[in-house]
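For reference, the chains in residue letters:
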Amino acid sequence: MLWTPLLFLAFMATISIASMDKQTYIIHMDKTKITASNHIQGNTKPWYELMIDSMYEILSQDEEISPLELLYIYNTTISGFAAQLSTKQVQSLKKLNGFLSATPDEMLSLHITHTPQFLGLQHGKGLWHAPKLASDVIIGIVDTGIWPEHVSFKDSSISQVPSRWKGTCEEGTNFSLSNCNQKLIGARAFYKGYESIVGRINETVEYRSPRDFQGHGTHTASTATGNLVHDASFFGMAKGLASGMSYTSRVAVYKACWRLGCTNADILKAIDSAVGDGVDVLSLSLGGISRPYYSDNIAIASFGAIQNGIFVSCSAGNSGPYSSTVSNAAPWIMTVAASYIDRSFPTTVKLGNGKSFEGSSLYTGKRTKQLPLVYARTAGGPGAQFCIDGSLLPKLVNGAIVVCEEGLNSRMEKGEQVKKAGGAGMLLLNAEIHGEELLADPHIFPATSLGASAGKAIKNYVRLKKTPTASILFKGTVYGKVAPVMAAFSSRGPSLVGRDVIKPDVTAPGVNILAAWPPKSSPALLKNDKRSVLFNIISGTSMSCPHVSGLAALLKSVHKDWSPAAIKSALMTTAYVLDSKRAPIADVSSNSSGAATPFAFGSGHVDPQSASDPGLIYDITSEDYLNYLCSLKYTSSQIALLSRGNFTCPNNAFLQPGDLNYLSFAVLLDKNGSSTSVTYKRTVTNVGTRMSTYVVQVDEPNGVSVTVEPKSLKFENLGEKLSYNVRFNALGGPKFSTNFSFGSLIWISEFYTVRSPIAITWQ
């Protein structure tokens, strides 16, 4: 659902879409078996035509089975199709030669300026130096579409579209071929899966075309690759130079998300089309619940993209700070968490007893007077503490500031209810689990968010004081806040699916991010909000993901021969774990001890300038990933879903998940075993200086001894590969107070520091 707290900070959810008779299924096929059997018969048709012929032949044998309703054929990143099928039809299709699996479609959620400067990107320098800003890198955005006329996507002073580009612009509601240009080089919409669930899209309230109505897609696209725009702001707030991370790159949009969400069928077709069109980077700010990789359609399609040399970046999800909520956790995906930057939009709430609290808001009006303060029973009936529809009584609320607790309805909807009842302002209090999170919302009247500790004090004040009062002062835009800090909403590891890989991978700016917005969509996305803006400020891992997508495009323009894994490695080994005061990056959630862990930020916060020259990289091939799946004891049919049928696990090979050449170390050890140990192998490639020596430095996790052999690596050439082994030995002794302990392994040379996080899970 798009209308969620914090716009798109929705908890990851999947929605069952089964109907009584038919529903949409995604059918995965092993095309090698289809082509092999028909080659013997001398048939030269493409595999998918042979598949369709076979399908109709099987289904026609039963007169009781209704005709097949085919939605999509997938031919690039996966092999198969999506169709409306009855249970009986699915059973019949299992007779097809090459049939692998049938999974019901589901609805997934979206994960919803100053950041280039915060990331160290400067115009005319480093990665933003003109010779390095290649304009032939293409970023594909799978989202809610785009507002093509926006200044962020104009094509002035940009060269011709690369000749390798195979994409197109599709016409539809208020969208024509002329809406594309040499910046926005592709725009397509996929809605067959969505319409098979909710019915035909109502074109009076939503564009049945690549045009964006929700704003989410326009925001993410401009974050990744929007043009340089001077004096961009939200009603004067956050004013400055707005820019995408890779502002000279081209953009192609694949609209697969609609008012009520995104279906797997449409997402898969969007990814399949993007890879076939020729994108270099794929950005997906969406996701669902974690599943084994062989049943995770985004993981399967993303693997197909990686096999084609395409970097895939996905949002980690907004279900934090709860443990093991991370989404998009396949090791070939760059999984991005969200954190604060040093810009804030502070408010001061002053109570009648003289106590003051800092909050956050995008309201641009004047401060309030000292006004009556009401909450729960003093504001209305049942549900008044959450300010839900119909709970507030105008006779109690009129002219007062209303205290609203987080939960049940969206943050913006609470403000709408308060204003509707005659309230003069709102204090929106965090749930305890979200701690001191301070998110800035585009309120339509005087309102501010407050942390959990302030919330407790305010509620106690209202309960104990006969005539409580409060005022709100709005301070505008302030810079210099300690950053980065991990957002409470950002989903956390460890992954329930792959505990042998630390997820998320990195964190990037994702809180209160200014980026492009459709002028016909109000910033609050409320019917009563009649404002129009060109730039809006929203939060979510949806916002951090396109930052990393844009940075990957920058690295691709500098290192054209780097694989997706190499780019990922460079961004991860150079990430930093200290804030602007040189203290460990903090976590604002209430269940944190203060410092964030690798299960919150992965390897740390991205540092693009350092990533452009990382010294060493940990490269991974498609075959390496498939061997990793073998080590997970996947069956041949399960692996075929990703390999597309052309891979067999090696015989008599000792494979363990921890040997995947991933740069981080996720280690499972027995809490009660004093002699438990594991040894993993890693291989690094020299991309720094030709003659170089690296010495290892280890920060051992609590309860573990770490031995590295050899302790130094001496390189004589660029591109040279050297390997090392790491042994993790449980020391035993007293019981641990936690199930996890953390450390790091760092290779240090004269010019480079190459860091790998270590996460120990005690079983």
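All of the points below concern the structure found in this document.

Conventions adopted
Residues numbered from 1 in each chain as written. Predicted model: local features only at pLDDT ≥ 70, side-chain atom pairs only at ≥ 80, totals over all residues. Heavy atoms only, no water. Helix = DSSP H or I, 4+ residues; strand = E, 2+ residues; numbered from the N terminus. Buried < 20%, exposed > 50% of the residue type's maximum accessible area, 1.4 Å probe, protein only. Contact = heavy atoms within 4.5 Å. Pairing = 2+ DSSP bridges. Axes fitted to C-alpha atoms, helices over the stretch in contact; angles between N-to-C directions. Expected span 1.5 Å × (residues − 1). Disulfide = S-S within 2.5 Å.

## Things to note about the environment of G645
Thinking step 1. One can find G645 in the loop between α17 (636-643) and β33 (665-669).
Thinking step 2. What makes G645 partly exposed here is its relative accessible area of 25%.
Thinking step 3. Look past the residues within four positions of G645 in its chain and what remains in contact with it is D30, T32 and A640.

## A look at helix α10 (residues 411-420)
Thinking step 1. For α10, the buried fraction is high: seven of the ten residues fall into the buried class.
Thinking step 2. Those residues of α10 hidden inside the fold are in contact with α9 (394-397), β22 (401-405), β23 (425-429) and β24 (447-450).

## Concerning the sheet that holds strand β39 (residues 740-748)
Thinking step 1. Judged by pairing direction, the sheet is mixed, and its five strands sit side by side in the order β33-β40-β39-β35-β37 without closing on themselves. The sheet is open, and its two borders are formed by β33 and β37 (712-715), each paired with just one other strand. The sheet shows a mean angle of 20° between the axes of neighbouring strands, taken without regard to direction.
Thinking step 2. Both strand β35 (residues 692-699) and β39 contribute to a ladder of five bridges, which runs antiparallel.

## Concerning helix α11 (residues 452-464)
Thinking step 1. Here α11 spans 19 Å end to end across 13 residues, near enough to the 18 Å set by a 1.5 Å rise per residue.
Thinking step 2. Those residues of α11 lying buried are A452, A454, G455, I458, K459, Y461 and V462.

## Here's the deal with the state of the cysteines
Every disulfide links exactly two cysteines, by a covalent bond between their sulfur atoms.
Thinking step 1. Using the criterion set out here, one finds four disulfides in the structure.
Thinking step 2. Each sulfur of the disulfide joining C257 and C262 lies 2.2 Å from the other. Taking the torsion about the S-S bond as the criterion, the C257 to C262 disulfide, at about 100°, is right-handed. The same class applies to C257 as to C262, namely buried.
Thinking step 3. At a sulfur-sulfur separation of 1.9 Å, the disulfide partner of C387 is C404. Its S-S torsion of approximately -85° makes the covalent link between C387 and C404 left-handed. Of the two residues, C387 is situated in the loop between β21 (371-375) and α9 and C404 in strand β22; the sequence distance between them amounts to 17 residues.
Thinking step 4. Taking relative accessible area as the criterion, C387 reaches 0% and is therefore assigned buried.
Thinking step 5. Sequence-ordered numbering of the bonded cysteines in the protein gives a pairing of 1-2, 3-4, 5-6, 7-8.
Thinking step 6. With no disulfide of its own, C545 has C314 as its nearest cysteine by sulfur position, at a separation of 6.0 Å.

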